[in-house]
Structures are given as structure tokens and as C-alpha cells.
Amino acid sequence: MPESFIHLAGVRKTYGEHLAISDVTFDVQAGELVALVGPSGCGKSTLLKILAGLHPHDGGEVHLGSPTHPFDPARDVGMVFQAPLLLKWRRILDNVLLPAEILGLKKKESLERARHLLELVGLAGYEAKYPYELSGGMQQRAAIARALVHDPKLVLMDEPFGALDALTREKMNLELLRIWKEAGKTIVFVTHGISEAVFLGTRVVVLTAGPARMADNFQVELPHPRTLDVKTQEKFGEYTRRVYRHLGME
Amino acid sequence: MNSKAGRIGLAVLAHIALVLAWYLFVRLGDVPKFVMPGPIPTLEALLAPNYSWWTNIAVTGTEIFGGYFLALAIGVALALAFTWSKTLEAFFMPLLVSLNMVPKVALGPLIIVWFKYGVLPNSIMAFSIAVFPILLTTARGLREIEPELLDLVRSLKGSRWQLFTKIQLPGALPYIFSGMKVGAILAVAGAIVGEFLGSDKGLGYLMLQVQVTLDTPAMFMAVLLITLMGMMLYGIVLALERLLVPKDARVA
């Protein structure tokens, strides 16, 4: 019986003839922030969809939850995508409440939680705004609050900051670390930004393209809470170089 | 004159100017009443005892609104069914685009053969002409919804109904309304053409009757009433859009 929160062993996925993922094996402990890094089209998003229960896998083992952290596939997944994908016709607070509505959670408690989460992501005071009144970075913060509102154990993020400008992205990275610490969730974070992966991850899983194969899986031993200073440390450079090497860029 | 009140003022002014120009043209040009009656004889036509205006308005109104709401319900339902099955969409969509090319007015004589004449065939006429724009724009609106949003709901094991009411319907609403606006105008035309082709009641029927006696003021009045009914339907659609769709999400 695996004790890890996420246990993947030899996971394989094909779309017709096309082999999207071949033999991905790694474990994630509860409370980790795992960064999945790799080139575009390497099957990272597919892997995320398998974890979300949206796509079945064709081979290998996918096990979510452990005796200490039982996993309910309907209730315990929060998702953040590259685009904020807020509903234009709903105010920010109502956008955040969407998962709670779908799950039929108690209104009053959800409302309280949504307000608290908006505060957590730095959007207090924006509850009654419409998405178009917010900048891209702020919309993505709201999307993160939405992913947390039903208190899921696992948050899946698919290049959530990929569409933001570099400066906002740096800021959001720091924010995410703070939110992760406070919310205490297990996060799987997909990115093709190598330094972003090393900066955020407690563990980095490197995937190479076509089909996705796991090239590396290592613990990032950089101290928490992390600040931008971490990026100047020698260890940070070593980790990023290690990823670069796997991706054939060195 | 950029303020809202200013623009409304100009719009009202334009309409008054048209009626005035109409009045002056008939008056100064000494145009005979049976060619073009002025505004006042047109209004007087309402007083003619045996035209049963109210009954005719009710009949035409039933045809327009009945056909229109049927078109709305079936158009949206079919478009939604297409999102459930790609095969269904691939099979029916090209067919519907072809059927859209059929001039619906040309179906009139057939509809009369199949359904006799009266309120039902004229409603079907209004329906057949209004359903396509509603169906096609709704299908487009549903297609434009980001697939990740559907993933989000599915990852929470949301039901198909939740998907429809929380994401698909509100997401496609701006498009539905744009189809509804086109459909509203067409439904009126459909009902009237139906009445021209075969009926024993309604404003279109009345127009054919008074044409024989050259009661042009009554024909003018009938056109005016038909236009007002169309404006009412269009106005309801517009008001609903204002109510339900946030400003930045509206589709022209």
C-alpha cells in the first residue's frame, strides 16, 4: 500500500496511434509543491488531466490519496489554467463560489470561505467587480481563490502564470508560495519555465518531449520561506543547470 | 449631442419628423386617399366598425409570439444537443446550413397543404423562418466556450444540467440574443406571409380584404400595427438582454 499522496507508476497514455505519455513514475507526499517541467507538448497537461480524473490512463498505476489523507475525486481537486477563465457574467465573489455551487456546499460557509480566500490572494475589496475590471494578474489570483474554495486536498495548476508579463509572473510566484504555505495544499504545478520550476518546487519532475518520458525527479533543498534571493544561491544554479541538461540545452 | 438623453431626443425627433413629412407630402401634394392616406385618415381607419382590429391583432400576435418562442426553445435545445455529441453535430449541422438556404417563404403553399390554414400553419411559418438564426448563433456561442471551463466542471463531477445552467447557457447567452434579435424580425415577416398565403383571420388577412375595396388607410394601419408588434417583440428581447447580459459580453 503506497503511503504517498500521489503514486504514479509506469503511467502511459495514448491518443489513437499517438503515444502522449510513456512510463511516468513518481510519488508526491501530502503538502508538497511539485513542479512538472518540460518543453511544450511533452504531455504535461495530459498528465494533469489524468490526475484530475478527466482522462483515463491506458497503462500503469495512478493512485491518489493515502490512509492519512483520503482523496475524494469529486471534492478534492482544484484547477487553475493558463487563462484565468473567469465567467464574464459573474462578479468576482460569485466566480470564486462556482465550485462550491457545483458541489452543493453550504452557502454561508462557502461565502465566508470565499471572502477569506479573496483576502488571502490579495483581492479584498474586489468581490463585487466583474472580471473585465481586473488586470490579468488579478484575474489569475481570483482563479486561484476559485480553485481553493471547496477546500480541495490537491490543486492542479497548468502553466498558470504563462500568460503574464515577466514582472507580474515573479510577483505571482512569491504569492503562490505564500498561499501554498497558508493553505497547506498539495500542488502540482506544470510549467515550461525552468527557473520557475526550481524556485517554486519542493520537488521537480522533468519530462522530455514526444512521448513524455520522465527524465528526472529530485527534491529541491532550498530553504523556505523562499524569497527572490534564493535565485542568487549557487544551489539554485545547480538545480536549474540539472534541468537544462535533461532538456538538451547544455 | 453625445449624452444619452440627447441621443434619445434625436431619435424621437426623427420619428416625429417622418410623420410630419408624411402629413405634409399628402397635404401639399394633394395625394388621393386611396393612393396614400395621411396620418389622420390612417388613425381613423381604426374606427371602421367591421374590421375587428382586436381579434386580428390577437391572431397575428399569437402566430408571431407562438412561432417565435417555439423557434427559441427548439433552436437552443438542438444547439445544446450538438454539444453533447460531436457525431450528431457533424451529421446535422451541414444539413441545417443547407436547409437554412431554402427560402422559407417558398414553403408556405406546402405548409398550407399539410396543416390547412389558420393560426397553426402561420405559426409554423414564423417558426421555420426564425429558428435558423437562433439555432446557428446558439451553436456558435456554445462552441466558443473554452473547453477548460467544461473540464473545470467535470473535474468537480458536475452534472450535465449544472454544466448547462452555470456555464453553457450563460456563456452562449450573448450569441443567443444576437440570434433572437434577427429571429424576432423574421418571425413577424413569416407570420404575415403565412396570412397572405391562406388564412381567415389576422392583420395580413385583413390587408388582403381591404385591398379589394381600396381602403388604403386600413392597409396603412395594418402595416403600422404589424410594425408595432415587431417592435414590441424586439423590445422585449432587447430588455431581456440588458437584464441578463453584462455590457461587455454583448454581441452586436
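It should be emphasised that the depicted structure is a prediction, and the values quoted were computed from it without experimental measurement.

The next point concerns the overall build of chain B. A count of helical and extended segments in chain B gives ten helices and zero strands. Order of helices (α) and strands (β) in chain B, N terminus to C terminus: α-α-α-α-α-α-α-α-α-α. Each of the 252 residues in chain B was classed as buried or not, and the buried ones make up 37%. Here the analysis covers contacts within chain B between residues at least 6 apart in sequence; of these, 79% occur between residues at least 24 apart.

The next subject is the domain arrangement of chain B. Partitioning chain B into domains gives domain 1 (1-30) and domain 2 (37-249). Of note, the centres of domain 1 of chain B and domain 2 of chain B, computed from C-alpha atoms alone, are 30 Å apart.

Residue and element names in this part refer to chain A. Spatially, six strands are ordered β5-β6-β7-β3-β8-β9 in an open sheet, and the strand pairing comes out mixed. Both outer strands of the open sheet, β5 (77-80) and β9 (213-219), are each paired with one neighbouring strand and no more. Averaged over all pairs of adjacent strands, the angle between their axes in this sheet comes to 15°, without regard to strand direction. Set on the sheet, helix α4 (residues 136-148) makes contact with β5 and β6 (154-158); between it and β5 the angle comes to about 170°.

Here we come to the interface of chain A and chain B. Buried accessible area, meaning the area lost when the parts come together, often serves as the stated size of an interface. Contacts between the two partners involve 18 residues from chain A and, on the opposite side, 18 residues from chain B. The element that contributes the greatest number of residues to the side of chain A that touches chain B is helix α2 (residues 92-103) of chain A, accounting for five residues.

The next thing to look at is unusual backbone geometry. Apart from glycine, the bulk of residues carry a negative phi angle, and the bulk of peptide bonds sit in the trans form. Each neighbour pair has its own omega, and for His224 of chain A with Pro225 of chain A the value is -5°, a cis peptide bond. Within the element layout of this structure, Pro225 of chain A appears in the loop between β9 and α7 (234-246). Even without glycine at this site, Lys157 of chain B takes up a positive phi of about 55°. Position of Lys157 of chain B among the secondary structure elements: in the loop between α7 (147-155) and α8 (160-197). With 15 C-beta atoms packed within 10 Å, Lys157 of chain B lands in the partly exposed category.

Moving on: the environment of Arg178 of chain A. Tracing the backbone through its elements, the reader meets Arg178 of chain A in helix α5 (residues 166-183). Residues Arg178 of chain A and Arg226 of chain A lie 48 residues apart in sequence; the distance between their C-alpha atoms is 9.1 Å.

The next point concerns the sheet that holds strand β1 (residues 6-15) of chain A. Residue and element names in this part refer to chain A. Here we have three strands laid out as an open sheet, ordered β2-β1-β4, and antiparallel in their pairing. In this open sheet, the two edge strands, each paired with only one partner strand, are β2 (18-28) and β4 (59-64). Ignoring strand direction, the axes of neighbouring strands in this sheet form an average angle of 25°. Bridging between β1 and β2 involves seven bridges; their strand directions are antiparallel. Residue pairing across strands places Thr14 opposite Leu19, the latter belonging to β2. Packed onto the sheet, helix α1 (residues 44-51) meets β1, β2 and β4 and runs at close to 60° relative to β2.

Quick look at the environment of Val204 of chain A now. All names here are of chain A. Along the chain, the position of Val204 falls in strand β8 (residues 203-208). Of the residues examined, Val204 has 26 C-beta atoms within 10 Å and is grouped as buried. With 167 residues separating them in the primary sequence, Val204 and Val37 have C-alpha atoms 7.1 Å apart. In contact with Val204, other than residues within four places in its own chain, are Ala35, Val37, Ala197, Val198, Phe218, Val220 and Val243.

Membership of the largest hydrophobic core comes to 77 residues, with the highest contact counts inside it found for Leu36, Val96, Ala145, Leu156, Phe189 and Val204 of chain A. The contacts of Leu156 of chain A, once residues within four sequence positions are left out, are Leu48, Leu51, Ala52, Val77, Met79 and Val188 of chain A. Counting residues in hydrophobic clusters, the runner-up holds 46 residues, among them Leu72, Phe220, Met221 and Val245 of chain B.

It is worth spelling out the packing of helix α6 (residues 119-143) of chain B against α8 of chain B at this point. Residue and element names in this part refer to chain B. Axis separation between α6 and α8 bottoms out at 7 Å; the angle between their running directions is 160°. In terms of orientation, α6 and α8 fall into the roughly antiparallel class. Here the hand of the crossing between α6 and α8 comes out right-handed. Looking at side-chain class alone, the contact of α6 with α8 contains 20 nonpolar, twelve polar and two charged residues.

Among the residues of α7 of chain B, Leu149, Leu152, Val153 and Ser155 of chain B are the ones counted as buried. Within α7 of chain B, the buried residues cover an arc of 165° as seen down the axis, which keeps them to one side. Residues of α7 of chain B that are buried in the fold lie against β5 and α2 of chain A together with α8 of chain B. One or two residues past the end of α7 of chain B sits Lys157 of chain B, with phi positive at roughly 55°.

About the criteria used
- Residues numbered from 1 in each chain as written.
- Chains lettered and ligands numbered in written order.
- Predicted model: local features only at pLDDT ≥ 70, side-chain atom pairs only at ≥ 80, totals over all residues.
- Helix = DSSP H or I, 4+ residues; strand = E, 2+ residues; numbered from the N terminus.
- Buried ≥ 20, exposed ≤ 12 C-beta atoms within 10 Å, placed from the backbone.
- Contact = placed C-beta atoms within 7 Å.
- Domains from an automatic or database assignment.
- Pairing = 2+ DSSP bridges.
- Axes fitted to C-alpha atoms, helices over the stretch in contact; angles between N-to-C directions.
- Core = buried A, V, L, I, M, F, W, Y, C linked by C-beta atoms within 7 Å.
- Parallel < 35°, antiparallel > 145°, perpendicular 65-115°, else oblique.
- Left-handed = near helix turned anticlockwise from the far one by under 90°.
- Nonpolar A, V, L, I, M, F, W, Y, C, P; charged D, E, K, R; others polar.
- Arc of directions from axis to C-beta.

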